[in-house]
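A structural walkthrough
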Amino acid sequence: MDKFSILKHNFGHSRFRQGQEELIDAILSGRDVLGVMPTGGGKSLCYQVPALMLSGVTLVISPLISLMKDQVSALKKSGITAAYINSSLTSDQLRLVYERTRKGAYKLLYIAPERLITKEFLALVQKIEISLVSVDEAHCISQWGQDFRPSYLKIADFIDTLPHRPVVAAFTATATAEVQQDIIRLLRLIDPMCNVTGFDRPNLFFDVQSPKNKMSVLLNLLQERKEKNGIIYCATRASVERICQHLCDKGISATCYHAGLDESTRRSNQNAFQFDRKNVMVATNAFGMGIDKSNVNFVIHYNMPKSLEAYYQEAGRAGRDGEPADCILLFSAGDIETARFLIKSSSNEELSEDAQALVRQKDYERLQTMVSYCKTTKCLRGHILDYFGQKHEAVCGNCGNCKSSYQLNDITIPAQMILSCVIRVKENLGYFVGKTLIIQTLRGSKEKRILDLGLNRLSTYGLMNKMTAEQVRSLIDFLELEGYLHVNSLHSTLEPTPTASSVLFKGKKVFMPVRTGSASFTTEKNIRQTELSSGSKEVDNLFAVLKAVRTQIAQQENVPAYIVFSNATLMDMAVKAPRTMAEFLDVSGVGETKAARYGKVFLKAIAAQKEDSAHES
Ligand code: ADP
Ligand code: ZN
């Protein structure tokens, strides 16, 4: 049977999803592969289909012992012979599986990684034909991930002991470029075909803002989105409560969610949001798991999350319906401190001290990637896709940075003032102080504390008396972001880093990018898109029908709606109302593949709609 018949016959699906076919073809041609798809993307099929077409057995290495049984029963139900080897089997059961494997009874054999190198298994594999080794959850091989499994490091050696080297296929959903490289190197994949798909969400608009006053910016953002639904993520429970209260006081229809609320409050708040009784959900990251509300128009982060993975997951809850949606992060240097604190105080009792230290170290690195997302002046979407290793255009045209221009301001002189003030204060008092005192000193404040400490006698006192406290603070924040200053997390004191001396003594210039062009996220374009309308009732009706068809397909295929067709394509389709496949191909955004895939269903819906309206008139 060919791959299409197997797909239909054994798995009951009529077409492959994005990425699956390429991976399957590569495996069948004898090439190693690395497949990276988000959870639910359909990775299993990529090795199960070839497994049925190759002559020998396919070995599936998986750390998820508890899932093996289910996977094997599911395969058996589809008429595929399969078994598993893990610690849950009795020795009698194990013997039986070995015996049947030797006789070639199985097309797929699932095995836990630590079982590969047992004497019995090593002896067995000398006598059987293994066509394909599929490594599930391949990121477990990377010591940098949180799921590191030492037994994964033995897989490559195991493969070397086989009489014939099989094709090796690795799959994972955790896809940072760094981890991908680890997988290729440590599994010793040979010239693998790498396929990273499904991470881009074109209908999401991304933006980062560093406002002086987050609350007033937040209120503005909500003002512009009055009738819309959205989530506001905050770093702590306390800020969730405070912000939710504040929004309610302002007459915004908001509710909240965090792990500190009792079960029934959580449920009722969640339902209020889910069923559109409340427009805005203010929540910690505890909110969202397993929630599949499709009409979330925006996700605003009031604080920066700890990692880009977390950010993308949370922001990705916007626009599941394929409509344009906004993902806006309100960033301040203080967020870095909060995130550092959260990482520092997190603990995992299951891990040893050393392992925890390693995890923390990695957490700090992930935080750094998150911070660089907040600081970049380049395409934000590109930054995210780079991190997940997916190829992309240099400029996406639908993020805050792509839509605005930046001007570089030379801030070398104020930077020198600030840095030398920090150092002078330390020389004078014998210890470092916090941001506020530095700002007051620079602005020549007459506060009692300043005078008591004698900071008014410093040469840097009053150097920036023409600036507002906020302006000075934003300069300090920028120097902190750039790594010239850092806040000592123990004492909350502002301290210079070794690189500060390059600015003070070596003539290094400091430039601060300032957005000039407007990057308004509620661009009229976005609003217009959401309310796409043709002006003709007939076309609008058809548009609504086509959207319903799209929703159905998206649900069947378990993909966001825009993956099927964008709104613009559906609108063009509604206007052209094609009757034949040739006409269908004429709709903008419809290519050969999609026409073959979806043409029939849409043509049928269009014809039915035409008939209905003919009857009506
Ligand atoms: P992953 O391992 O990537 O998380 P799975 O392999 O478990 O994802 O697949 C997720 C779901 O998608 C399963 O229910 C599977 O049946 C379904 N699926 C996979 N491929 C297709 C396809 N080509 N068409 C329709 N459904 C599919
Ligand atoms: Zn962009």
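Residues numbered from 1 in each chain as written. Chains lettered and ligands numbered in written order. Predicted model: local features only at pLDDT ≥ 70, side-chain atom pairs only at ≥ 80, totals over all residues. Heavy atoms only, no water.

**Some remarks on the sheet that holds strand β9 (residues 230-233)**
- Here six strands make up an open sheet; going across it, the order is β8-β13-β12-β9-β11-β10 and the pairing parallel. Edge positions in the sheet fall to β8 (204-209) and β10 (254-257), since each of these pairs with one other strand and no more. Direction aside, the axes of adjacent strands within the sheet are offset by 15 degrees on average.
- Pairing between β10 and strand β11 (residues 280-283): four bridges, direction parallel. Directly across from Tyr257, in β11, lies its bridge partner Ala283. (Pairing = 2+ DSSP bridges. Helix = DSSP H or I, 4+ residues; strand = E, 2+ residues; numbered from the N terminus. Axes fitted to C-alpha atoms, helices over the stretch in contact; angles between N-to-C directions.)

**Re the confidence of the model for the chain**
- Averaged over all residues, the pLDDT of the chain is 89; the fraction at 70 or higher stands at 95%.
- Within the model, pLDDT remains below 50 along residues 520-531, and this stretch shows 23 contacts once partners closer than five positions in the same chain are excluded. (pLDDT = per-residue confidence, 0-100. Contact = heavy atoms within 4.5 Å.)

**Points about the environment of Ala83**
- Note that Ala83 resides in strand β3 (residues 82-85).
- In this structure the C-alpha to C-alpha distance between Ala83 and Tyr110, which are 27 residues apart in sequence, comes to 6.2 Å.
- Excluding residues within four positions of it along the chain, Ala83 makes contact with Val72, Val97, Tyr106, Leu108, Leu109 and Tyr110.

**Digging into the coordination of the zinc ion (ligand 2)**
- All of the protein donors around the zinc ion (ligand 2) are Cys379 (SG), Cys396 (SG), Cys399 (SG) and Cys402 (SG); their distances to the metal are 2.3 to 2.4 Å.
- Coordination at the zinc ion (ligand 2) is tetrahedral: its four donor atoms span angles of 101 to 119 degrees at the metal.
- Every donor residue of the zinc ion (ligand 2) comes from the same chain, spaced as C-x16-C-x2-C-x2-C.
- Residue classification places Cys396 among the partly exposed residues on the basis of a relative accessible area of 28%.
- Classification of Cys399 by relative accessible area gives buried; the value is 0%. (Donors = N, O, S within 2.8 Å, 3.2 Å for Na, K, Ca; no water. Tetrahedral: all angles 85-135°; square planar, octahedral: opposite > 155°, others 65-115°. Buried < 20%, exposed > 50% of the residue type's maximum accessible area, 1.4 Å probe, protein only.)

**Some points on the domain arrangement of the chain**
- Assigned domains within the chain: domain 1 (3-196), domain 2 (204-402), domain 3 (407-515) and domain 4 (535-614).
- Taking only C-alpha atoms into account, the centre of domain 3 sits 59 Å from that of domain 4. (Domains from an automatic or database assignment.)

**Here we look at the site of ligand 1**
- Taken together, 13 residues sit near ligand 1, with Arg15, Gln20, Gly40, Lys43 and Ser44 positioned nearest.
- Contacts to ligand 1 include Gln20, whose side-chain N or O atom sits 2.9 Å from a nitrogen atom.
- Look at ligand 1: alone it shows 560 Å² of surface, and the protein chains cover 69% of it.
- Class assignment of the residues belonging to the shell around ligand 1 gives a composition of three nonpolar, seven polar and three charged. (Near = heavy atom within 4 Å. Polar contact = N/O pair within 3.5 Å; in protein donor to acceptor, adjacent residues only side chain to side chain. Areas by Shrake-Rupley, 256 points an atom, 1.4 Å probe, with all protein chains shown as cover. Nonpolar A, V, L, I, M, F, W, Y, C, P; charged D, E, K, R; others polar.)

**Quick word on helix α15 (residues 380-387)**
- Counted residue by residue, α15 has six buried out of eight residues, so it is predominantly covered.
- Taken together, the buried positions of α15 are Leu380, Arg381, Gly382, Ile384, Leu385 and Tyr387.
- Taken together, the buried residues of α15 touch α8 (177-186), β8, α12 (308-315) and α14 (353-375).
- Note on α15: the residue one or two positions beyond its end, Gly389, has a positive phi of about 75 degrees.

**Considerations on unusual backbone geometry**
- Positive phi values are uncommon outside glycine, yet Arg188 reaches one of about 50 degrees.
- The backbone phi angle of Asp191 is positive, close to 40 degrees, even though this residue is not glycine.
- Among the secondary structure elements, Asp191 is positioned in the loop between α8 and β7 (193-196).

**Describing the packing of helix α13 (residues 333-345) against α14**
- Between α13 and α14, the least distance of the axes is 10 Å, while the angle of their chain directions is 160 degrees. The angle between α13 and α14 places the two elements in the roughly antiparallel class. Considering how the two elements wind past one another, α13 and α14 form a crossing that is right-handed. When α13 is examined against α14, the residues Ile336, Ala339, Arg340, Ile343 and Lys344 are found in contact with a partner set consisting of Arg360, Asp363, Tyr364, Leu367 and Val371.
- Counted by class, the contact of α13 with α14 contains six nonpolar, no polar and four charged residues. (Parallel < 35°, antiparallel > 145°, perpendicular 65-115°, else oblique. Left-handed = near helix turned anticlockwise from the far one by under 90°.)

**Concerning the pattern of salt bridges**
- Counting across every chain of the model gives 29 salt bridges.
- Here Asp92 makes a salt bridge to Arg95, at a shortest N to O gap of 3.3 Å. Of this pair, Asp92 and Arg95 both sit in helix α5 (residues 91-102), three residues apart, which is roughly one turn of that helix.
- Given a relative accessible area of 51%, Arg95 falls into the exposed group.
- When the shortest N-O distance is used, the salt bridge between Arg188 and Asp160 registers 2.8 Å. (Salt bridge = Lys/Arg side-chain N within 4 Å of Asp/Glu carboxyl O.)

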